[in-house]
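# Coordinates in review
In case you want the letters, here they are:
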Amino acid sequence: MHNLFIKRFATICSAVVIAASLAACGGSNQSADTIGFWDPYPQKNASSTWEAFVKRCAPKGYKIKRTGYPQSDLLNNLTTAVKAGNAPQIALIDNPKMPTAVDAGLVTDIKAAGINTKGYDSNIEAPGIIDNVQYGISYGSNALGLYYNPKILEKAGVDPASIKDWASLNKAIEQVVTSGSKGITFAGISGEEGTFQFLPWFWGAEGDLKHPKSQAETDALNLVSDWVRKGWAPKSVSTDNQSAAWDAFLTDQYGFSENGSWQAESAKEKGYGMIPIPGKSGGVAPVPTGGEFITMPTQKKADKNLSKATAEVINCLVDGDNLKKTNDEMVYLAAKRSVRNQQVKENQIWAPWVKPIEQAKGRTSDIGLKYEDVSAQLSEDLQVALNQR
């Protein structure tokens, strides 16, 4: 009996791995008055403020069933669920995965569904707009910056305001190391997380993802690999993720750390400062937009009432005062300037992040699906450069 059930279950879920099928096929099985809501925040459990916030957006006569999946699992599970005709009504998808989701037919036109898409920053929304169709809405973004330890910089005689380009950054790191401290931490781990941290240096050298094999890539690879070769950055960067890089910085041994705006509160507690990542020849280097897109997955059976209720939920999350609340909950800066200004007014830790957010670039904005291959190539090249001895 058990074997027969498994066979039937596997058939329904298109012969995928049973464990993944159980999650995807069972996770959104619901009645007509239930709106399935998937997000990549499994750490936010049923007692979290996020869960309560989401559920308060349920329209009269409906309830929301929220499920949190690890970021790496959500898209695979959604693929299975859409094929099985058992998809949730709402799914939050990591922004570089949007072209993949669209190409696979997993998500639908949200503007046509009645979502208010006016007034958002075009650079943040770009990854969700493909062939002039908007398949998702990004309520906000995180970004990368260059944190610094003011005590270490003061001891080394470094004024962070003097760091305007790569030459002045290298001079500052050298002064920090000469004064007896360590230089800089960053995440060079293989995969998208390492590419994410490499892109500001690539773009800061005027790199173009349409032509990744370029002088810009060479210059950026030489910059970060020289930090390791000279002993200014730890050898572990080739395997360090962003959390590990931040933990190293928290030891108060390093002068600098490339990391994200999600560390702003802990940086404030430690008394750290932040400056935008400089371009090779000056100015602020573009950083990749972070964050997720709220999408409406493809449904095999259309239900106009449920679709309308789903749109109400999404509009609730991003309309009016709730846009700020949603970003505050996720520790993002809003994708609308007026709301960002309000966030900065209420909490000055966001002030230095405004320019990086407003100048950030979507990883897939220019090259769409090709980004997956480009990212993999950049990651491979980065690993080779960082592991040269």
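What this report covers is the structure whose coordinates are included nearby. All of these numbers come straight from a predicted model, not from anything done at the bench. (Residues numbered from 1 in each chain as written. Predicted model: local features only at pLDDT ≥ 70, side-chain atom pairs only at ≥ 80, totals over all residues. Heavy atoms only, no water.)

Taken as a whole, the largest pocket holds about 830 Å³ of empty space. As for the largest pocket, its lining consists of 30 residues, of which Q71, D94, N142, Q242 and E292 are closest to the centre. Looking at the lining of the largest pocket, the elements that each hand over two or more residues are α4 (71-83), β3 (90-94), α9 (192-204), α11 (242-249) and α14 (321-330). No other element matches α4, which puts six residues into the lining of the largest pocket. (1 Å grid on protein atoms, 1.4 Å probe; cavity = no way out; pocket = protein on both sides within 12 Å on 5 of 7 lines; lining within 4 Å. Points joined across faces, edges and corners; volume = space filled by probe spheres on them. Helix = DSSP H or I, 4+ residues; strand = E, 2+ residues; numbered from the N terminus.)

Our next topic: the sheet that holds strand β11 (residues 292-295). The sheet built from four strands is open, its strands ordered β2-β1-β3-β11 with mixed pairing. Both outer strands of the open sheet, β2 (63-68) and β11, are each paired with one neighbouring strand and no more. On average, each strand axis in the sheet is tilted by 20 degrees relative to the strand beside it, whichever way the strands run. In this sheet, β2 lies alongside strand β1 (residues 34-39) in parallel orientation, the contact comprising six bridges. Residue pairing in the sheet places F37 in a bridge with R66 of β2. Against the sheet, α4 contacts β1, β3 and β11, and its axis sits at roughly 135 degrees relative to β3. Most of the contacts of helix α13 (residues 304-318) go to β1, to which it runs at about 45 degrees, and overall it touches β1, β2, β3 and β11. (Pairing = 2+ DSSP bridges. Axes fitted to C-alpha atoms, helices over the stretch in contact; angles between N-to-C directions. Contact = heavy atoms within 4.5 Å.)

This paragraph deals with the packing of aromatic side chains. Under the counting rule described, the total for this entry stands at 14 aromatic pairs. Ring centres of W50 and F53 lie 6.2 Å apart, and the angle between their planes is 45 degrees; this geometry places the pair in the tilted category. Here W50 and its partner F53 are both found in helix α3 (residues 49-55), three residues apart, which amounts to about one turn of the helix. Chaining the aromatic ring pairs together yields one cluster made of Y147, W246, F249, Y272 and W353. The ring centre of Y120 lies 4.5 Å from the NZ or CZ of K336, which sits over that ring. (Phe/Tyr/Trp six-rings, centres within 6.5 Å; stacked < 30°, edge-to-face > 60°. Lys NZ or Arg CZ within 6 Å of the ring centre and 35° of its normal.)

What follows concerns the nonpolar core. Core analysis: the largest hydrophobic core is formed by 93 residues, its most contacted members being Y139, W201, L209, W227, F256 and I294. Residues in contact with F256, not counting those within four places in the same chain, are L146, Y147, Y148, L153, I163, A172, I173, V176, G183, I184, T185 and F249. By size, the runner-up hydrophobic cluster in this structure holds 18 residues, among which are L74, A87, M98 and V107. (Core = buried A, V, L, I, M, F, W, Y, C linked by side-chain atoms within 4.5 Å. Buried < 20%, exposed > 50% of the residue type's maximum accessible area, 1.4 Å probe, protein only.)

Before going further, it helps to examine the state of the cysteines. Taken as a whole, this structure holds one disulfide when the rule is applied. Here C57 engages in a disulfide with C316; their sulfurs sit 2.1 Å apart. Handedness of the C57-C316 disulfide follows from its S-S torsion of about -70 degrees: it is left-handed. In this pair, C57 is assigned in the loop between α3 and β2 and C316 in helix α13, connecting sequence segments 259 residues apart. With a relative accessible area of 6%, C57 lands in the buried category. (Disulfide = S-S within 2.5 Å.)

Since the α-helix turns once every 3.6 residues, residues separated by three or four places project in the same direction. Taking 1.5 Å of rise per residue, the 13 residues of α9 would be expected to cover 18 Å, and the 18 Å separating its terminal C-alpha atoms lies within 8% of that figure. Bending of α9 peaks at approximately 35 degrees at the position of F198, with proline P200 no more than four residues after it. Looking at α9, one finds that the buried residues are G194, T195, F196, Q197, F198, L199, P200, W201, F202, W203 and G204. Directly beyond the C-terminal end of α9, a positive phi value near 65 degrees is found at E206. (Expected span 1.5 Å × (residues − 1). Bend = angle between axes of the 7 residues up to and from the residue.)

Moving on, we get to empty space enclosed by the protein. By the definition in use, this model includes one cavity of 30 Å³ or more. Residue lining of the largest cavity: F186, G194, Q197, F198, W201, V224, E258 and L382, and that is the complete set. Residues belonging to the lining of the largest cavity are distributed by class as follows: five nonpolar, two polar and one charged. (Nonpolar A, V, L, I, M, F, W, Y, C, P; charged D, E, K, R; others polar.)

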